[in-house]
2 protein chains.
Amino acid sequence: MNVAFINPFIESTLQSLEMMANITAEKIGLTLKQDLITTYDISAIIGITGDTSGSIIVSFPAPLACRIAGNMIMEEIPEMNQSVEDAIGEIGNIVVGSARRLLVEDGFSLSISIPTVVVGKGHKISRSGDVPCIAIPFSTPYGEFEVNVGLKE
Amino acid sequence: MNVAFINPFIESTLQSLEMMANITAEKIGLTLKQDLITTYDISAIIGITGDTSGSIIVSFPAPLACRIAGNMIMEEIPEMNQSVEDAIGEIGNIVVGSARRLLVEDGFSLSISIPTVVVGKGHKISRSGDVPCIAIPFSTPYGEFEVNVGLKE
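Residues numbered from 1 in each chain as written. Chains lettered and ligands numbered in written order. Predicted model: local features only at pLDDT ≥ 70, side-chain atom pairs only at ≥ 80, totals over all residues. Heavy atoms only, no water.

1. Focus: the overall build of chain A
Counting secondary structure elements, chain A contains three helices and nine strands. Here chain A has a C-alpha radius of gyration of 14 Å; the compact-globule value for 153 residues is 15 Å, and the two agree. With respect to the three principal axes, the spread of C-alpha positions in chain A is 40 × 30 × 25 Å. Sequence-distant contacts in chain A: of pairs separated by 6 or more residues, those separated by 24 or more amount to 70%. Within the structure as shown, chain A displays about 6300 Å² of accessible surface, and the carbon and sulfur contribution to it stands at 50%. Computed over 9 positive and 18 negative side-chain charges, the inter-centroid distance for chain A is 6 Å. (Helix = DSSP H or I, 4+ residues; strand = E, 2+ residues; numbered from the N terminus. Rg over C-alpha atoms; globule rule 2.2 N^0.38 Å. Contact = heavy atoms within 4.5 Å. Areas by Shrake-Rupley, 256 points an atom, 1.4 Å probe, with all protein chains shown as cover. Lys, Arg positive; Asp, Glu negative; His and termini not counted. Charge placed at Lys NZ, Arg CZ, Asp CG, Glu CD.)

What follows is the structure, encoded as structure tokens:
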């Protein structure tokens, strides 16, 4: 995978969480996975087509997802509900939309699809085919989460 | 949603299962859902961008997924494993790829992303935003499955 694709997603994740949910996140790693297994509770999946093709998965544990959604609508949300699903879809959309804008400025032509949100304790997400996936874990004061960038050239 | 988008997915689903897995399916309904909940065990999600944007979700119960994968590689597969995930991703790709070809022939410009496969008993898939979703259930001799077409114009 072209490494030029990775930094825009890191930058847009940090900015989006800060801007939308007033949460300061920090990148704590970067791993190449051949097969992706996500064990968090809620994930937004956004497809990408154009000069590269693949998908971005932004996955959160439930408490952090509730905190993000609560901060976004300025209400306390004690447990997972439709508002949380919508908020995580929106965060996914903003993260990938902002990264797309950065990549378009760098000369890439890319389209992104509407987010699909998957909910389920221990759901597993894998990719068929041999698209490499870069997993980028982040920490926040309310728990860790992960952004997975899986793009082929 | 433009109904012209629906028939190509029905046609490609029937043809793909017959051709790839020698399984004859039959459409048994068609429902409009505002919020989508999928309760089958494995789903392939494929993003679509272009003249319309959204995602297609093809979701199977485990026994049917194993049967499809087994028929595709001509081996008995007793339980869910990586081959089944790959097979379902491939079926999703072929269903959406064939439907896309039909839609391109009809004058639409569309791109599709690589399938993402979600595994998990009772995983729930929802869409953020107000994209309507058409759920198309099918029956086969080995169980039912569902194709969900969620596209905005």
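2. Describing empty space enclosed by the protein
One pass over the structure, following the stated rule, counts one cavity of 30 Å³ or more. Considered as a void within the structure, the largest cavity measures approximately 60 Å³ in volume. In terms of lining, the largest cavity is formed by 14 residues, of which the most central are A:Ile45, A:Gly47, B:Ile45, B:Ile46 and B:Gly47. For the lining of the largest cavity, the secondary structure elements donating two or more residues are strand E3 (42-50) of chain A together with strand E3 (42-50) of chain B. Looking at the lining of the largest cavity, its residues break down into six nonpolar, eight polar and no charged. (1 Å grid on protein atoms, 1.4 Å probe; cavity = no way out; pocket = protein on both sides within 12 Å on 5 of 7 lines; lining within 4 Å. Points joined across faces, edges and corners; volume = space filled by probe spheres on them. Nonpolar A, V, L, I, M, F, W, Y, C, P; charged D, E, K, R; others polar.)

3. Quick notes on the relation of the copies chain A and chain B
Mapping chain A onto chain B is achieved by rotating through 180° and translating by 0.0 Å along the same axis, at an RMSD of 0.0 Å. Taken together, the rotation and translation describe the operation of a two-fold axis. Relative to the rotation axis, the closest C-alpha in chain A is found at A:Gly47, a distance of 2.4 Å. Here 100% of the contact residues of chain A are again contact residues in chain B; the copies associate through an equivalent surface. (Least-squares fit on C-alpha atoms with pLDDT ≥ 70 in both.)

4. Description of the pattern of salt bridges
All names here are of chain B. A complete count under the given rule lists six salt bridges over all chains for this structure. With a closest N to O distance of 3.2 Å, Lys33 and Glu146 form a salt bridge. Of this pair, Lys33 sits in strand E2 (residues 31-33) while Glu146 sits in strand E9 (residues 143-152), placing them 113 residues apart in sequence. Each member of the pair, Lys33 together with Glu146, is buried. (Salt bridge = Lys/Arg side-chain N within 4 Å of Asp/Glu carboxyl O. Buried < 20%, exposed > 50% of the residue type's maximum accessible area, 1.4 Å probe, protein only.)

5. Quick notes on the interface of chain A and chain B
Across the boundary between the two partners, chain A contributes 31 residues, which contact 31 residues of chain B. For the chain A and chain B pair, buried surface summed over both sides reaches about 2300 Å², with 52% attributable to carbon and sulfur atoms. In this assembly, chain A and chain B are joined by two salt bridges. Measuring nitrogen to oxygen at the nearest pair gives 2.7 Å for the salt bridge that ties B:Glu85 to A:Lys124. (Buried area = accessible area lost by both parts, 1.4 Å probe.)

6. Quick word on the environment of A:Lys124
Relative to the helices and strands, A:Lys124 is located in strand E7 (residues 124-127). Judged by relative accessible area, which is 23%, A:Lys124 ranks as partly exposed. Remark: the alpha-carbon pair of A:Lys124 and A:Ile37, spanning 87 residues in sequence, is separated by 5.3 Å. Residues contacting A:Lys124, with those up to four places away along its chain left out, are A:Ile37, A:Thr38, B:Glu85, B:Val117, B:Val118 and B:Val119. Among the polar contacts listed, one links the side chain of A:Lys124 to the side chain of B:Glu85, at a separation of 2.7 Å. (Polar contact = N/O pair within 3.5 Å; in protein donor to acceptor, adjacent residues only side chain to side chain.)

7. Re the side chain of A:Ser139
Residue and element names in this part refer to chain A. Along the chain, Ser139 falls in strand E8 (residues 133-140). Note on Ser139: relative accessible area 18%, which makes it buried. If near-sequence neighbours (up to four positions away) are discounted, Ser139 is found in contact with Thr24, Ala25, Glu26, Ile28 and Glu144.

Interpretation in functional terms is not warranted from these geometric data alone.
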